[in-house]
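Analysis of the macromolecular model
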Amino acid sequence: MTLSILLIITYIIGSFPTGFIVLKITHNLDIRKVGSGNVGTLNSFEVTNSKKIGIFVLFVDLIKGIISIILAKLLIPNDFFAAVLALNSAVLGHCYSIWIKFSGGRGLATAAGGALVLSPAILIIWLFNWVIMKKISSNIHVSNFGATIMVIIFSIFFSEELNLITFPPAEEGLIFIFSISLLMFIILTKHITPLKEIIYKN
């Protein structure tokens with residue numbers, strides 16, 4: 001019962017549509033209908049051309065992930081699976097928010113916030129690979145997709161090592177692999193459309 005309540009709460013936390021609300025208040029715009037239509041940091045910045053708005057949206061979305069992990073640790077202490085499921089739920093809420101007809105952002109900021117508290121190494125791996133991908137491809141969506149795939153690969157081949165620097169660690173390597181892969185999969189679902197657009201343009 002506690003886990004079910006936790007997942008409901010973290011979904012609601014994650015589903016708070018930061019970019020949508022901020023642009024409605026500041027510019028009377030529906031972010032879903034301008035720019036890329038993505039309810040996240042990058043589109044918020046590109047549509048408004050405001051670094052302050054972009055940073056604010058990024059900060060709030062990061063906090064959603066951080067709060068989700070902290071809440072999980074308080075309600076179900078020393079349980080990796082509960083914590084990572086809470087983060088998955090928050091990212092799912094961010095990507096598919098019930099408040100804006102299940103649209104949302106791409107989940108990266110919320111996932112990053114949670115990873116910062118739960119498994120900083122995962123965040124470092126993602127950022128490292130993103131920098132490499134960005135040098136190979138100048139397109140940010142390709143870089144996001146590639147870095148996310150690389151996290152799955154690293155999680156599979158280095159699950160034991162990564163689990164040692166996860167707080168709390170997973171009970172088994174397979175649980176670590178499954179949980180992190182599920183988190184990355186949610187993020188990947190939001191990159192299918194932009195990748196299709198890139199392919200069709202070429």
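One can find the structure itself at the top, above this paragraph.
The structure presented is a predicted model; accordingly, all values stated were derived computationally and were not measured. (Residues numbered from 1 in each chain as written. Predicted model: local features only at pLDDT ≥ 70, side-chain atom pairs only at ≥ 80, totals over all residues. Heavy atoms only, no water.)

**A closer look at the packing of aromatic side chains**
Counted by the stated rule, this structure contains three aromatic pairs. Ring geometry for phenylalanine 80 against phenylalanine 176: centres 5.7 Å apart, planes inclined by 25°, an arrangement best described as stacked. Taken together, the residues span a long stretch of sequence, with phenylalanine 80 in helix α5 (residues 80-95) and phenylalanine 176 in helix α10 (residues 173-189) at a distance of 96 residues. Summarising the burial analysis for this pair, phenylalanine 80 and phenylalanine 176 share the class buried. (Phe/Tyr/Trp six-rings, centres within 6.5 Å; stacked < 30°, edge-to-face > 60°. Helix = DSSP H or I, 4+ residues; strand = E, 2+ residues; numbered from the N terminus. Buried < 20%, exposed > 50% of the residue type's maximum accessible area, 1.4 Å probe, protein only.)

**Some remarks on the packing of helix α1 (residues 2-14) against α5**
One way to put it is that α1 packs onto α5 with a least axis distance of 7 Å and a crossing angle of 35°. Pair α1 / α5 crosses with right-handed handedness. Residues Leu3, Leu6, Leu7, Thr10, Tyr11 and Gly14 of α1 pack against Ala82, Leu85, Ala86, Ser89, Ala90, Leu92, Gly93 and His94 of α5. Here the contact of α1 with α5 is composed, by residue class, of nine nonpolar, five polar and no charged. (Axes fitted to C-alpha atoms, helices over the stretch in contact; angles between N-to-C directions. Left-handed = near helix turned anticlockwise from the far one by under 90°. Contact = heavy atoms within 4.5 Å. Nonpolar A, V, L, I, M, F, W, Y, C, P; charged D, E, K, R; others polar.)

**Regarding helix α6 (residues 108-118)**
For α6, the tally of buried residues reaches eight of 11 residues, placing the bulk of the element in the interior. Residues of α6 that are buried: Ala109, Thr110, Ala111, Ala112, Gly113, Gly114, Ala115 and Leu118. Where α6 is buried, its residues touch α4 (51-75), α5, α7 (120-136) and α10.

**A few points about the environment of leucine 23**
Turning to its location among the elements, leucine 23 is positioned in helix α2 (residues 18-27). Judged by its relative accessible area of 0%, leucine 23 falls in the buried class. Distance from leucine 23 to leucine 3, taken between C-alpha atoms, is 34 Å for residues 20 residues apart in sequence. Not counting residues within four places of it along the chain, the set of residues in contact with leucine 23 comprises Asn28, Leu29, Ile31, Ser44, Val47, Thr48 and Ile53.

**A few points about a nonpolar patch on the surface**
Together, Ile8, Ile12, Ile98, Trp99 and Phe102 make up a nonpolar patch on the protein surface, roughly 560 Å² of accessible area in all. Locating isoleucine 98 in the fold gives a position in the loop between α5 and α6. (Patch = residues over 30% accessible without salt bridge, like charges linked within 9 Å, V, L, I, M, F, W, Y side chains within 5 Å. Areas by Shrake-Rupley, 256 points an atom, 1.4 Å probe, with all protein chains shown as cover. Salt bridge = Lys/Arg side-chain N within 4 Å of Asp/Glu carboxyl O.)

**So, the nonpolar core**
Formed by 30 residues in total, the largest nonpolar core has its most connected members in Val91, Val151, Phe176, Ile180 and Met184. Elements supplying a minimum of two residues to this core: α4, α5, α6, α7, α8 (140-157) and α10. With eight residues, α5 is the single largest residue contributor to this core. When residues no more than four places from it in sequence are discounted, the contact partners of valine 151 are Ile122, Ile125, Trp126, Ile180 and Met184. Val22, Ile31, Val39 and Ile100 belong to the second largest nonpolar core, which has eight residues in total. (Core = buried A, V, L, I, M, F, W, Y, C linked by side-chain atoms within 4.5 Å.)

**Describing unusual backbone geometry**
Residue proline 168 is reached from phenylalanine 167 by a cis peptide bond, and omega for that bond is 0°. You can see proline 168 is positioned in the loop between α9 (159-164) and α10. Positioned with a positive phi, lysine 101 is a non-glycine residue whose angle comes to about 55°. Mapped onto the fold, lysine 101 is located in the loop between α5 and α6.

**A closer look at α4**
With 25 residues, α4 extends 36 Å from end C-alpha to end C-alpha; this agrees with the ideal 36 Å at 1.5 Å per step. Along α4, the residues that are buried comprise Ile53, Gly54, Val57, Val60, Asp61, Lys64, Gly65, Ile66, Ser68, Ile69 and Ala72. The inward-facing, buried residues of α4 contact α1, α2, α3 (41-48), α5 and α6. (Expected span 1.5 Å × (residues − 1).)

Don't take any of this as a statement about function, it's just geometry.
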